[in-house]
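# Architecture at a glance
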Protein chains: 2
Amino acid sequence: MSEKSHLSKNMINRRSLLGSSVAVGSAALAAPAIAEEKATIEWKMVTSWPKNLPGPGVTAQRIVDQVARMSGGRFQIRLYSAGELVPALEVFDTVAAGTAQMAHTASFFWQGKIPASVYFTAIPFGLLPHEHISWIEQGGGQALWDELYAPFGLKPVMAGNTGVQMGGWYKKHINGLDDLKGLKIRMPGLGGEVMRRLGATPVSLPPGELFQALQSGVLDATEFLGPWSDRAMGFQKVAKNYYSPGFHEPNGTGEAIFNQVALDGLPEELRAIVLEACRAENGRALAESDWENAGSLQLLQEEDGVTVKPYPDEVLNALRETTAIVLAETGERDPLSKRIYESHMAARQRLAPWSDVAMRRFMAARDGSS
Amino acid sequence: MSEKSHLSKNMINRRSLLGSSVAVGSAALAAPAIAEEKATIEWKMVTSWPKNLPGPGVTAQRIVDQVARMSGGRFQIRLYSAGELVPALEVFDTVAAGTAQMAHTASFFWQGKIPASVYFTAIPFGLLPHEHISWIEQGGGQALWDELYAPFGLKPVMAGNTGVQMGGWYKKHINGLDDLKGLKIRMPGLGGEVMRRLGATPVSLPPGELFQALQSGVLDATEFLGPWSDRAMGFQKVAKNYYSPGFHEPNGTGEAIFNQVALDGLPEELRAIVLEACRAENGRALAESDWENAGSLQLLQEEDGVTVKPYPDEVLNALRETTAIVLAETGERDPLSKRIYESHMAARQRLAPWSDVAMRRFMAARDGSS
């Protein structure tokens, strides 16, 4: 989910629509007594995805559809795919400016301007999807996220989830730390920084160039998402070693961003509707990603000759220790970053032992390897 | 979640309310032109829980509140706690009869009349919460659940989740299969049947009697739910060995049951609202249960002197092998039960390897025990 749009960056339509369009249907004017309210609120949602991109693109469309359905058509949100109104990575500024009332995107795209935003997607060795949702809903995560975006006049919420990532595609085996030295790998964000400190050479490339770069040798390895998206990208044709776990991104929360003034201006029931539609997507999207990732994982192994391998312990231990240093540094930037770092660490300390006792032991017992 | 109400069984109010009450507010009668629709639909929701019981009781209340909020007050659902209108375990029949339009409960309560209903809560060595939601949403589970309840004129959906269960409280250590012989244990349903075949003596007792039974020696062991609910029950005062995993119930889906005629009779937008409110609770309730279970697990170990122990491999292997036999038998009852059994097994076969690669390996790497 680190796509950069290659479409025109000059498509911003600056008509100010912050106040929202309001259309009054003729039925209401004609109807007597118990007239149905036909005033229609029209919003724009800009997204960082191609239209109906499996996973987040489908999620964005479902939110729009559910809002229309629950409001009886009174609340219409027009969805713009990446590049249609603004490029994929300008949606944050577009909603801040009020050119669109909301966006569907992912928080780690904003690391350049708000480094701590990455905590609201995933951090290396951080929280799994169910743990992340628990932190946001119950552990103070939402309030910190709100505080982080408030200076921009924006309100963020979770809206979908693509699940746990895989570790990535490697042309050669990784048998130990020496195999990371000089390794040309595509891994954005904090995971890439951890790899760099262990001697690898992170290469920044957009998704559309990854396949060819891996094929030609510009890259020795690349991560992308999970089996569903990765198989569609075709990586299995040029690399046969698929490593796990995705230590660098154990969660894939989709982000809805609202212009706060626009959100506050909605009638209370429509505000409740759009927020609940986002929340419902957290489970629905994860269910879809898990189902499709599971099916693609089978196909990769049974039909594509891919070997799914665990990183060696030596490598995992070094990745974990280096991650602790990199994360601690993110907490030194400013007081709010420090509070976000500490809150995330506290949530992990609380939730990880429960996941271990409840889920990891169960999974081991289920497959007979306890 | 296997509470039996001890309150009066004679409180059914048989006024037929299937058609729903419709009240027209005076504002609509007075308002001209673009009048807001004030027709109010009033429903009854009967539940199997005490009012605001942590977990499912809170979920039921949130669904009611969210429906009122999203409908702008036009759709009012009155919540009846267990025993208030009908006893906890009569809610299925009450909604089938149309005395209430919906219920909030759990599907495994209906094992007596519909044995396969247990598959829609949890089965031993079955699906974890995220896997269960994936099966229902993506793997054909919802259609089978619908088919199972259709003869009763009912439509079921997921509405909340209490998460993975713990294995239970044991007064003595379980070192091997011999320690199960003659063990007086409270474990309802299929898990209890598996225990019985391994020589234990399942004892059927309602939740309110468990603490005293464990204290007095009527029980040697008991399961209940997870650390949050279990600690509130006080089991840690009379047993110090808390076993995991909860092999018998790896998921805790709450069930909303609708009277199909009532649901079909709703305006489309209100039908969408109540269904989306139920769906949003799947993630919200699980987030709360995970957060509270994690906190209570810490307190049990740090303040209450409880030891959290894994079942020995010998015991887990026997439990798993016996479970396979018991589950296969449930598929032999009738063609629909067979299809449900086979669909659940296929979902497990597809999803478990992905959970293992993505989550189990990640959890091991995170705590350094890969």
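The structure this text deals with has already been given above.
This text gives an overview of the structure that appears in the document. (Residues numbered from 1 in each chain as written. Chains lettered and ligands numbered in written order. Predicted model: local features only at pLDDT ≥ 70, side-chain atom pairs only at ≥ 80, totals over all residues. Heavy atoms only, no water.)

### Description of the relation of the copies chain B and chain A
Here the two chain copies are tied together by a rotation about an axis and a shift along that axis. Rotating chain B by 180° and translating it 0.0 Å along the rotation axis places it on chain A, where the RMSD comes to 0.0 Å. Considering both components of the superposition, the chain copies are consistent with a two-fold axis. Considering only C-alpha atoms, the part of chain B nearest the rotation axis is Ala 280 of chain B, at 2.0 Å. Taken together, the interface assignments show that 100% of the residues at the interface of chain B recur at the interface of chain A, consistent with an identical surface on both copies. (Least-squares fit on C-alpha atoms with pLDDT ≥ 70 in both. Contact = heavy atoms within 4.5 Å.)

### Some details on the sheet that holds strand 6 (residues 168–170) of chain B
The six strands are arranged 8-7-9-6-10-12 (chain B) in an open sheet whose pairing can be described as mixed. Two strands close off the open sheet at either side, each with one partner strand: strand 8 (201–202) and strand 12 (307–310) of chain B. Pairing of strand 7 (residues 184–186) of chain B with strand 9 (residues 221–222) of chain B, which is carried by two bridges, proceeds in the parallel orientation. Residue pairing for strand 9 of chain B: Ile 185 of chain B is matched across the bridge by Ala 221 of chain B. Lying on the sheet, helix 12 (residues 335–366) of chain A is in contact with strand 10 (241–244) and strand 12 of chain B; it crosses strand 12 of chain B at an angle near 10°. (Pairing = 2+ DSSP bridges. Helix = DSSP H or I, 4+ residues; strand = E, 2+ residues; numbered from the N terminus. Axes fitted to C-alpha atoms, helices over the stretch in contact; angles between N-to-C directions.)

### Digging into the environment of Lys 237 of chain A
Residue and element names in this part refer to chain A. Checked against the element boundaries, Lys 237 lands in the loop between helix 8 (227–233) and strand 10 (241–244). Taking the relative accessible area as the measure of exposure, Lys 237 reaches 64% and is therefore exposed. It is 9.1 Å that separates the C-alpha atoms of Lys 237 and Phe 211, two residues lying 26 residues apart in sequence. (Buried < 20%, exposed > 50% of the residue type's maximum accessible area, 1.4 Å probe, protein only.)

### A look at the packing of helix 5 (residues 141–149) of chain B against helix 12 (residues 335–366) of chain B
Residues and elements named next belong to chain B. At a minimum axis distance of 10 Å, the contact between helix 5 and helix 12 shows a crossing angle of 160°. Between helix 5 and helix 12, the interaxial angle falls into the category roughly antiparallel. For the pair helix 5 and helix 12, the sense of crossing is left-handed. Only Leu 336, Arg 339, Ile 340 and Ser 343 of helix 12 make contact with helix 5, whose side of the interface consists of Leu 144, Glu 147 and Leu 148. Classifying every residue of the contact of helix 5 with helix 12 by side-chain character gives four nonpolar, one polar and two charged. (Parallel < 35°, antiparallel > 145°, perpendicular 65-115°, else oblique. Left-handed = near helix turned anticlockwise from the far one by under 90°. Nonpolar A, V, L, I, M, F, W, Y, C, P; charged D, E, K, R; others polar.)

### Here we look at the side chain of Asp 304 of chain A
All names here are of chain A. Take Asp 304: it is sitting in the loop between helix 10 (268–302) and strand 12 (307–310). The buried category is assigned to Asp 304, whose relative accessible area is 17%. Excluding anything up to four places from it in sequence, Asp 304 contacts Arg 231, Gln 236, Lys 240 and Leu 299.

This is a description of form; function is not addressed.
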